[in-house]
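# Residue-level structure breakdown
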There are 2 protein chains.
Amino acid sequence: MRDDAAVTVAVCQLAPVLGDVEGNVARALAAVAGAAAAGARLVVLPELVSSGYAFSGPDELARCAEPPGGPTVTRLAAAARAHGAVVVAGFPELADGGEMCNSAVLADPSGVRAVYRKAHLWDREKALFTAGSAPPAVVDTGVGRVGVMVCYDLRFPEWLRLATLDGAEIVCAPANWPAEPRTAGERPVEVVRLQASASVNHVYVAAADRVGRERGVDWVGGSAIVAPDGYPLAVADPARGEQLLTAECRPAAARDKRVSPHNDVLADRRLDLYG
Amino acid sequence: MRDDAAVTVAVCQLAPVLGDVEGNVARALAAVAGAAAAGARLVVLPELVSSGYAFSGPDELARCAEPPGGPTVTRLAAAARAHGAVVVAGFPELADGGEMCNSAVLADPSGVRAVYRKAHLWDREKALFTAGSAPPAVVDTGVGRVGVMVCYDLRFPEWLRLATLDGAEIVCAPANWPAEPRTAGERPVEVVRLQASASVNHVYVAAADRVGRERGVDWVGGSAIVAPDGYPLAVADPARGEQLLTAECRPAAARDKRVSPHNDVLADRRLDLYG
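Rules used in this analysis
Residues numbered from 1 in each chain as written. Chains lettered and ligands numbered in written order. Predicted model: local features only at pLDDT ≥ 70, side-chain atom pairs only at ≥ 80, totals over all residues. Heavy atoms only, no water. Helix = DSSP H or I, 4+ residues; strand = E, 2+ residues; numbered from the N terminus. Rg over C-alpha atoms; globule rule 2.2 N^0.38 Å. Buried < 20%, exposed > 50% of the residue type's maximum accessible area, 1.4 Å probe, protein only. Contact = heavy atoms within 4.5 Å. Buried area = accessible area lost by both parts, 1.4 Å probe. Salt bridge = Lys/Arg side-chain N within 4 Å of Asp/Glu carboxyl O. Polar contact = N/O pair within 3.5 Å; in protein donor to acceptor, adjacent residues only side chain to side chain. Nonpolar A, V, L, I, M, F, W, Y, C, P; charged D, E, K, R; others polar. Least-squares fit on C-alpha atoms with pLDDT ≥ 70 in both. Lys, Arg positive; Asp, Glu negative; His and termini not counted. Pairing = 2+ DSSP bridges. Axes fitted to C-alpha atoms, helices over the stretch in contact; angles between N-to-C directions.

## Observations concerning the overall build of chain A
If you tally the helices and strands in chain A, you get 7 helices and 14 strands. Taken over the C-alpha trace, chain A has a radius of gyration of 17 Å; the compact-globule value for 275 residues is 19 Å, and the two agree within 12%. Each principal axis of the C-alpha atoms in chain A carries an extent, and together these give about 55 × 40 × 40 Å. In chain A, buried positions account for 63% of the 275 residues.

Structure representation (structure tokens):
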């Protein structure tokens, strides 16, 4: 990739239907096709996009879980190849030992490049999933060096810092943010955290949230693509449901950590004092 | 303090005049009196409130720098005693060895409790000040456990995390945020970072920024008091200059790190993976 090249990044805010894996994957593939038609070469889909989220228990989850070699990931990877794009999407992973993980795949035209397992589990996920035991995935792709994490992972500044230190230029985060009380007129704090994460690390952040009420759970619908300066390039319209966001990103801008003539957000860290 | 007691916190957004220490301190004391009259028991003033910021060089700075035993800190501590309040304010410190630090004092009715030296220096400050070599100050006071850091320190999530791990319930940050380009209609990213910092640590954050053009430098005027959920309780009106913000805070709320029935923002950290 040319050093100053721009790439169109897309975030697809979708409404998966709980348990309808076949239908969800079909809708996800249609969303990838739509994003590619809009010029996107990196497409981010929500957490657990193949399954939905509000499982009644482990049995219902198990009926949706698949290994990385299963049809969901295989079809997403085929879409990445067909469209010449990088695709990041969440799915419930059936791991070798039989445990289930809240995972995200990164596929590019060459195939599956990474399967990342969410390391910080939210609420009832702790009773359903096994937490990941590896750092964020960070992968060199044709559109720059791309990091992957999932939803509640973003709440831990340590995690996006790790991805940044590993060279991530665009951090992709499939998410399912349950709606919580918020002050009227305020942008959701989930989006605010994305902005701050981008800013303090001087990276792009692209998060795909979901919509569609599920067993009494509503969602923030807070998908966004944020620039390294912390300002959104695209942010979901709360009045709409499913939507496609796109933005031009220049990964090279995220490699430059200077924020003033004498400041660099990584070099200025006081590692001697952080303990 | 009763465990669920509320305390009124004030942030005074002021316009110091470069080099006018006598006048600046008089205005700072008047601001503390005004905040106390509004019921405040914790009052935060801007960074370098006694001196202004845009020094031509070390000589001009040296004319404003004082030891913690000097008149500026002595008068601020007297105001804390007179008003029965905790006062946090920035000043240029002349240290024992003759070096100068961008410091903040925390004084309560018993006197000076802490002098914190900014550890992350912004831009030309690197040519003027010696960086601090200690973690954020965190002090038990009559209004809760109060943390102190200064301006660019806030850009490092590691720093507010350290203060949180040391038990800070309300983190006070004197600031001088130079105005930078921002997307029209967007809240300043400096305030966005405060919100995220509060949210990921589940603490209150109270930052006092400045206004008043100085040698071509304009300021964000982004003072704010943020709740542990990341939503502002009070935020400066960009259409106004000097202003007093107040909010009711309940320090006990910041001691409880639970954010769902099964999540705790400190206990959920994956220290095994942060390296």
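## A closer look at the interface of chain A and chain B
Every contact between the two is made by 49 residues of chain A and, on the other side, 49 residues of chain B. Roughly 4100 Å² is buried in total at the junction of chain A and chain B, and carbon and sulfur atoms are behind 55% of that figure. On the chain A side of the contact with chain B, Tyr231(A), Leu273(A) and Tyr274(A) bury the most area, a combined 16% of that side's loss. Remark: the boundary between chain A and chain B carries 6 salt bridges. Counting every contact that joins chain A to chain B gives 28 residue pairs in polar contact (both at pLDDT 80 or more). If you list the elements that add at least two residues to the side of chain A that touches chain B, you get α5 (157-165), α6 (189-201), β13 (258-260) and β14 (263-264) of chain A. Looking at which element gives the most residues to the side of chain A that touches chain B, the answer is α6(A), with 7 residues. Of the residues assigned to the side of chain A that touches chain B, the class counts are 23 nonpolar, 10 polar and 16 charged.

## Thoughts on the relation of the copies chain A and chain B
By a simple turn and slide, chain A fits onto chain B: the slide is 0.0 Å along the axis, the RMSD is 0.0 Å, and the turn is 180 degrees. When the rotation and shift are considered jointly, the pair of chain copies conforms to a two-fold rotation axis. By residue overlap, the copies meet face to face through one surface: 100% of the interface positions of chain A are interface positions in chain B.

## Thoughts on unusual backbone geometry
Outside of glycine, negative phi angles account for most residues, and trans bonds account for most peptide bonds. The backbone of Leu48(A) sits at a positive phi, close to 45 degrees, despite the residue not being glycine. You can see Leu48(A) is positioned in the loop between β2 (42-44) and α2 (58-64).

## Section: the side chain of Asp123(B)
Within the element layout of this structure, Asp123(B) appears in the loop between β5 (111-117) and α4 (125-128). Despite its burial, Asp123(B) remains without a salt bridge, the nearest opposite charge being carried by Arg124(B) at 6.7 Å. Of the polar contacts made by the side chain of Asp123(B), one reaches the side chain of Ser260(A); its length is 3.3 Å. Those residues within four positions of Asp123(B) in sequence are excluded, and the remaining contacts are Ser260(A), Pro261(A), His262(A) and Asn263(A).

## Topic: the sheet that holds strand β4 (residues 100-108) of chain B
Residues and elements named next belong to chain B. Across the sheet, which stays open at both edges, the 6 strands sit in the order β5-β4-β3-β2-β1-β12 with mixed pairing between neighbours. Every interior strand has two partners, whereas the edge strands, β5 and β12 (243-249), have only one. Within the sheet, the average angular offset between the axes of one strand and its neighbour, ignoring direction, is 25 degrees. Those strands touched by helix α1 (residues 21-37) are β1 (7-13), β2 (42-44), β3 (86-94) and β12, and its axis lies near 150 degrees from that of β1. Each of β3, β4 and β5 is contacted by helix α3 (residues 71-83), which is oriented at about 20 degrees to β4, the strand it contacts most.

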